[in-house]
Amino acid sequence: QINETQDSWFAVDKTAVSDLLSSVELKVYSCLAGHADTNHQCYPSQKQIAKECHLSVVTVYRVIYRLQQKGLLKITRQTRANGAQKQNLYTLLSRS
């Protein structure tokens, strides 16, 4: 069944579906795109991404780093007032 609400749709940069990404990279990129807001930003935990993509957390960590290296993702590390790390803020970037 197709959910016709606006929340069920998301855009993926056409570069991401080209030969630039492996199938695992595309899976993680698409997961991030599904969580992204109108500013192309999201902050799911790597554990949440791993669960949704049926991957290990270590694999998600490596894939996120590769997406950053390929210029498709910006990672902003966030901290709490006490200095403890919060979930990263991910910004999907366009290579066009």
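Look above for the structure.
Conventions we followed
Residues numbered from 1 in each chain as written. Predicted model: local features only at pLDDT ≥ 70, side-chain atom pairs only at ≥ 80, totals over all residues. Heavy atoms only, no water. Core = buried A, V, L, I, M, F, W, Y, C linked by side-chain atoms within 4.5 Å. Buried < 20%, exposed > 50% of the residue type's maximum accessible area, 1.4 Å probe, protein only. Contact = heavy atoms within 4.5 Å. Helix = DSSP H or I, 4+ residues; strand = E, 2+ residues; numbered from the N terminus. Arc of directions from axis to C-beta. Salt bridge = Lys/Arg side-chain N within 4 Å of Asp/Glu carboxyl O. Axes fitted to C-alpha atoms, helices over the stretch in contact; angles between N-to-C directions. Parallel < 35°, antiparallel > 145°, perpendicular 65-115°, else oblique. Nonpolar A, V, L, I, M, F, W, Y, C, P; charged D, E, K, R; others polar.

Draft legend 1. Local environment of the nonpolar core. If you look at the biggest cluster of nonpolar residues, it comprises 19 residues, and the most contacted ones within it are Val28, Leu32, Ile49, Ile64, Leu67, Leu73 and Tyr90. Filtering out sequence-adjacent residues up to four positions away, Ile64 remains in contact with Val28, Gln46, Ile49, Leu73, Ile75 and Tyr90.

Draft legend 2. Summary view of helix α2 (residues 46-53). Within the sequence span of α2, burial applies to Gln46, Ile49, Ala50 and Cys53. Taken around the axis of α2, the buried residues stretch over an arc of 100°, which confines them to a single face. Within α2, the exposed residues directed more than 90 degrees away from the buried face are Lys47 and Lys51. On the buried face of α2, the contacting elements are α1 (23-35), α3 (57-69) and β3 (89-92).

Draft legend 3. Region of interest: the pattern of salt bridges. Under the defined criterion, the tally for this structure stands at two salt bridges. Here Arg66 makes a salt bridge to Glu25, at a shortest N to O gap of 2.7 Å. With Arg66 in helix α3 and Glu25 in helix α1, this residue pair connects regions lying 41 residues apart in the sequence. Residue classification places Glu25 among the buried residues on the basis of a relative accessible area of 3%. Its salt-bridge partner being Glu25, residue Lys70 comes within 2.8 Å of it at the nearest N-O pair. A residue pair is termed long-range when its members are at least 10 positions apart, and Lys70 in the loop between α3 and β2 (73-76) and Glu25 in helix α1 qualify at 45 residues. Here the residues in one salt-bridge network are Glu25, Arg66 and Lys70, joined through shared partners.

Draft legend 4. Structural context of the packing of α1 against α3. Between α1 and α3, the least distance of the axes is 10 Å, while the angle of their chain directions is 85°. The orientation of α1 with respect to α3, classified from their angle, is roughly perpendicular. Listed contacts from α3 to Val24, Glu25, Val28, Tyr29 and Leu32 of α1 are Thr59, Val63, Ile64, Arg66 and Leu67. Across the contact of α1 with α3, the residue classes break down as seven nonpolar, one polar and two charged.

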